[in-house]
Structure formats: C-alpha cells, structure tokens
Amino acid sequence: MSEQTLVDVQDLVIEFDTPKGRVRVVDGVSFSVSPGEVLGILGESGSGKTMSTQAILGLIGGYPGVMGGQINLNDQGVTYELLKDLPSFISERRGQPEKNERAWRKHRYAQMKKLWGRAITSIFQNPRRSLDPLMTVGQQVKESIQARESHKDALERLNDQAQTEEALEWLAKVQMVDPARVYHSYPHELSGGMCQRAMIAVALACKPSILVADEPTTGLDATVRAQIVHLLQDLIKAEQCAMLYITHDIREMLYLADRVIVMRHGKVLEQVSANDLKEHALERHEYTQVLLDAAGMIGAHDE
Amino acid sequence: MTGQSTGQSTRQSTWYSTWYSTWHSAWKEQPLSFKLSSIIVVLVLCFGVINPFISYDPVLDVELSRRDLAPSWEYWMGTDGQGRSVALRLFKGIEAFFFPGLIAGLFAAFVGGVLGALCGYFGGWIGRSLSAVLELIDTLPRMVFLVLICTIFPPSILLISIISSVLFIPSIATIIRRKVEALGAEDYILAHVAHGFHPLKIISYHILWLQCRALLTRQMIFVFSYVLFIETALSYLGDYGVQEPYPSWGNMVAQSRISAVAWPWALPALAIIITIAALLAFGDGIARREEEVKR
Ligand SMILES: Nc1ncnc2c1ncn2[C@@H]1O[C@H](COP(=O)(O)OP(=O)(O)OP(=O)(O)O)[C@@H](O)[C@H]1O
Ligand SMILES: [Mg+2]
C-alpha cells in the first residue's frame, strides 16, 4: 500500500450462515481510495455494497461475517492493517471454517477505537433511523464534537460553550434554514431531507478523513436529493474529506464520483473513471451497459 | 436582542428539562385517567416525604369517649373503634410502605437495568449464564418465598422490601436485555459506534438512560406498588407486618372489622385500591408516551 491511499481493500470475503447453509455475500472485492477522492460503488440491491463498506467500518457483527482479505486504513501517516490477524481467529470445524466471533470483536474494537470518527465514519440510508429519536439534533452534533475532542490533550480541548457554538456552525454549514431552532428540535419534528442534513453535520463534525455514505438520498424526493448531493459535494471539498459513495442512481454517481466500481453478486465487475463511464458507455461491461440503459443514458455520446 | 437569542440557543437541555418536557406533553395529551392517577401519585409522594416530620403518638391518640364518630370538621374521616382520627392514621400509615417501597423500586430498577444491559450488550457465555440464574430466580413464586423468608428470619419491612426487590430484578433484567439486544441492530446505535463514542457512554447514556428510562420507571413503580401490596397484606394478617398500635393501611382494615360502623373499614381499603391503581396507570401512561415519541 502506498502512502497515497487512504483505504485499501484486497480480496475481501464476507460469508453468512443461513438456514440454507453458508452463503458468500462478498466474494473477493478489491478497491482503494486516495485522500480527497470520491469512489462510487454502483450495483443492484443485494450485491454486497453495504456489507463491503461495513466491513471497513468494523460494524459487521454477524456470524461468521468477515472471513478473509485485507483492509488497510491510513490515518495520519500510520497504516492500520485491520484484517492482518483475522486468520488466527478462524479454525476448521466440520470441514467449514469457523470464526471465534467474541475474541475477534474484542480484537477489532482495540484497533477501531482509535479510528472510529477520526479516520472513518458513516452516514446511513434512512436518515430518520440513523438519528437518535430521543435526543435533540443539536445535542447529537455536539456529541460528535465531544467524541472528537476527547482524543485530544485536556489542554487543547474546546470548552462546552465553544462546542455548542461549533454545533450551531455545523447546522448552518449543512444549510439548515433556522439552525437555532433546529438545534433544539427532535428528529421526528424534522423532514426527511432535514434529518439527512443533520446526519451529515453529525458525521462531518467528527472530522473524518473518509466518509462512507450508504445511499444517503434513497427515500428522499427528487429536488431534495439534488440538494443533498450538491451539499455533500461542497462539504467534502471544503473539508478535504474522501468519500465512499454508494448509490443505485447513475446520474448522482456521475455527478459526484471520480471513480466508480460496479458490483454484482458480491464481485467487482469493473472499475472505471466517471469520465469513461460517461464518454465511452459502449465499451463498458455488459452489466454496466444494462444499468446505463436503465437510466436512459446509453447512446447519448457514442452514436 | 442578539444576546437573548444566543442565550436561547446555548441553553442546555438537562436531564430534568427533558424529563419535564416528557411529562408535560404526556399531561396535555393523556386521557383523564392519567391526569387523575398522576395527581394521586404526586399526593402520595408529598405525603410520604413529609411523613417523618409529623410526629404521631398512637397511644396518646386513644380516647374511648369519642369512638366511632362520623366525619366532621375536627375528624375529617371520623374516628375508629378506639377514638383515633382515621385521617391522621391513614396519613401516618403511608410511612409503613413509602420508604421501603421507594428503596426496593430504585434498587430493583438500578440492578435490573445494569444486569440486563450487560447481558444484552456483551452476550456470550457471561450473558447466557447470568440469564440462566436470573430465570431460575424468576420461577420462584414471590409470595410463598416472602412468607418463607419471614418465618426463617425476624420479619421486618426492610427485609421484606429488599427480598421483593431482589425477586423483581430478574424480570426487569430480562425486559432490559431484550430491549438492548433489539437496539444493538438499530442504525443510530451503529452510527454512535461509527462516530467513535465510548461504548460505556453508549450503554449507560444512549441505551439505558435515553431508551430504557421509561421502562425502568414503570418497573420501579410496579415494584413500589408490590411492596405496598405485600406490606398491607402482611399487616392485615397480623403476624409479620406493622403491629398495633402503629398504623398501617393493612392493620387498619383488620382493626375496623371489629368496629361498629362501616366507614373506618371502607377508607383504608379504598386508599389501598386507589393508590395501587393510580400507580400502575401512571407508570403505563409515562411508558406509552415515550413509545409514541419514538415513532
Ligand atoms: N446477517 C446476514 N445473514 C445472512 N445474509 C445476510 C446478512 N446480512 C446481509 N446478508 C445478505 O448479504 C447480501 C448483500 O447485502 P448488502 O446489504 O451488502 O446489499 P446491498 O448491495 O447494500 O443492497 P441494497 O442496495 O439493497 O442496500 C444480501 O443478499 C443479503 O441477503
Ligand atoms: Mg445497502
């Protein structure tokens, strides 16, 4: 892994036990993200997009879960090899590899506690369900600021007043109409679009070097979607934050992403620059063409 | 003007202000039964707290010349078979269950909440064996167990309340464990983890305090009313509870069986029924309101 990559994933394998037996939901996925870059992940429902990114985030608690591969995360010049010790937690049982999930979780927590929030964080698909329903929006933004400050020396930390002011600033940065009012609102008092803005504020207030955005616009109406996409674009640039952007929507993808990977059935079909996807649609993988066709985008440039 | 608006925006929402707003919105929207029950609960609370400050000598209060009087300005609820003021004895009778019930409720809610959260969050063999022990305790019939304890040890209301709170810990822990397990899959708890919050903060603040406080309050109230029930039952039966001449709602009912008129009997019995019903309705109202806020 070079100094220039932030996240590097190699041959990631994720399996789950179901009543019908072991299923492999992510099968040898590889990709990498450089600082400040936006990598898009495109693919149909169930293709393993969420699972791949949650593996990087260290959030998969299922059993057996992540079973192989490498994930390297670069945080301020230090490289963390997240899956390096994974094989020592896997043993053979009745011909099937089994993982000691408890020990693995403990081990993973020891690594991830330094990285969560600071190096990597996430926003989720359903903005209403990803905000705590019993806390005001302002409190939630402030909590991420607190979590961020708790990594610093006691002398350098912001005091309570400054944290509150910063939380208000964040609400203004995500273009909330009335930040002072929203600060004291509960999520159920806000619209879906406002909730997603709040969630973006909460996530970016951690000052991560990479943000995972898992379908942040699904379930919002068209005008609000466009606003959220523009907002993300601007904030990511301003904060010099890289982003892993997952979506079904090719148009959003072309607008935001620098590079795109196309996934299906847990495999990466191809990796292209957004430009190539736009300009040379007919040279793409068969399945990518199907996706482009479905969005009515094929032929516009190639004919 | 500007100073005022920043003052507004920097206002902290503290635990009592969120508690107050929960209660206040519950007050506005709840049915009449909730309003009535909360008035009664507040009254019982106030009476219970001021009880130790008001001295009462049950022996000096005996005055056979004024026995079985009807309610009047001097004796609001009349007098009993020994000429003692029923109103005053009802009031002092609260002391018999109030602090034991409060202690039992707080203890059961605290220990049950912590155990349940630990079992739910960490799972594994510790969680499983703890759940097994708790389920074992849960199968004991509570009343039988209490009477058994009373025959082995010198009975006191403190002992009774501690035993009954221990008997409630398993069911509270199980409720909390289920809740915590369900919450572990919620997006916002995952988001808290991803944002780098400390796991202890997530368990104690986001899960136990924010999500389970209504459930725990309700269980606490339930334990409190159970102690009330046990105390009055034991005092009524006579051998283990509060002994004459000291008043308890239970022994007041028992005493007035030998009274010549009806109301001294009816009043403590009504007090018992109304208080227990009000406590349970109040707990339900608070819990229901919090469920609605979440949706
Ligand atoms: N705990 C689990 N046990 C078994 N299978 C699972 C589990 N979690 C996810 N899967 C399977 O993993 C596959 C990939 O899921 P994933 O959530 O990554 O899809 P996705 O690409 O994000 O889809 P979507 O676009 O709908 O969000 C799905 O087929 C799903 O059924
Ligand atoms: Mg998904």
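Nothing here was measured: the structure is a model prediction, and the numbers come from that model.

Residues and elements named next belong to chain A. Around ligand 1, a shell composed of 13 residues is seen, among which Ser45, Gly46, Lys49, Thr50 and Met51 lie nearest. In the environment of ligand 1, an oxygen atom lies 2.4 Å from a nitrogen or oxygen atom belonging to the side chain of Ser45. Relative to its free-state accessible area of 640 Å², ligand 1 is covered by the protein chains to the extent of 65%. The cavity that encloses ligand 1 is the largest pocket. Where the shell around ligand 1 is concerned, the elements lending two or more residues are β1 (7-18) and α1 (49-57).

Let us now look at the side chain of Arg108 of chain A. Residue and element names in this part refer to chain A. Within the secondary structure, Arg108 is located in helix α2 (residues 101-112). A distance of 2.9 Å separates a polar side-chain atom of Arg108 from the backbone oxygen of Ile60. The residues contacting Arg108, other than those within four sequence positions of it, are Gly58 and Ile60.

Nonpolar side chains in soluble globular proteins tend to end up buried together. Counting 126 residues, the largest nonpolar core has Leu12, Phe31, Val141, Ile200, Leu211, Met243 and Tyr245 of chain A as the members making the most contacts within it. In terms of residue count, the dominant contributor to this core is helix α9 (residues 199-237) of chain B (eleven residues). Counting only domains with at least three residues in this core, you end up with domain 1 (7-119 + 209-302) and domain 2 (132-207) of chain A. Leave out the neighbours within four places in its chain, and Leu211 of chain A touches Thr121, Ser122, Ile123, Ala203, Leu204, Leu232, Ile236, Cys241, Ala242, Met243 and Leu244 of chain A.

Attention now moves to the domain arrangement of chain A. Residues and elements named next belong to chain A. What the domain assignment lists for chain A is domain 1 (7-119 + 209-302) and domain 2 (132-207). In this assembly, 16 residues from domain 1 lie in contact with 14 residues from domain 2. Interface area for domain 1 against domain 2, summed over the two sides, is near 1,300 Å², with a carbon-plus-sulfur share of 69%. The largest contributions to the domain 1 side of the interface with domain 2 come from Leu231, Leu235 and Glu239, which together make up 37% of the buried area.

Inspection of every chain in the model, using the stated rule, returns three cavities of 30 Å³ or more. Counted as a void, the largest cavity has a volume near 60 Å³. Around the largest cavity, the lining residues are Ala55, Gly58, Ile60, Val66, Leu82, Leu83, Trp104, Arg108, Gln111 and Met112 of chain A. In terms of residue count, α2 of chain A provides more of the lining of the largest cavity than any other element does, four residues in total. Tallied by class, residues from the lining of the largest cavity come to seven nonpolar, two polar and one charged. When its volume is computed, the second largest cavity comes out at roughly 50 Å³. Ser130, Gln140, Glu143, Met199 and Val202 of chain A together with Ala191, His192, His195 and Phe197 of chain B together form the lining of the second largest cavity.

Basis of the calculations
Residues numbered from 1 in each chain as written. Chains lettered and ligands numbered in written order. Predicted model: local features only at pLDDT ≥ 70, side-chain atom pairs only at ≥ 80, totals over all residues. Heavy atoms only, no water. Near = heavy atom within 4 Å. Polar contact = N/O pair within 3.5 Å; in protein donor to acceptor, adjacent residues only side chain to side chain. Areas by Shrake-Rupley, 256 points an atom, 1.4 Å probe, with all protein chains shown as cover. 1 Å grid on protein atoms, 1.4 Å probe; cavity = no way out; pocket = protein on both sides within 12 Å on 5 of 7 lines; lining within 4 Å. Sits in = over half its atoms within 2 Å of the grid points. Helix = DSSP H or I, 4+ residues; strand = E, 2+ residues; numbered from the N terminus. Contact = heavy atoms within 4.5 Å. Core = buried A, V, L, I, M, F, W, Y, C linked by side-chain atoms within 4.5 Å. Buried < 20%, exposed > 50% of the residue type's maximum accessible area, 1.4 Å probe, protein only. Domains from an automatic or database assignment. Buried area = accessible area lost by both parts, 1.4 Å probe. Points joined across faces, edges and corners; volume = space filled by probe spheres on them. Nonpolar A, V, L, I, M, F, W, Y, C, P; charged D, E, K, R; others polar.

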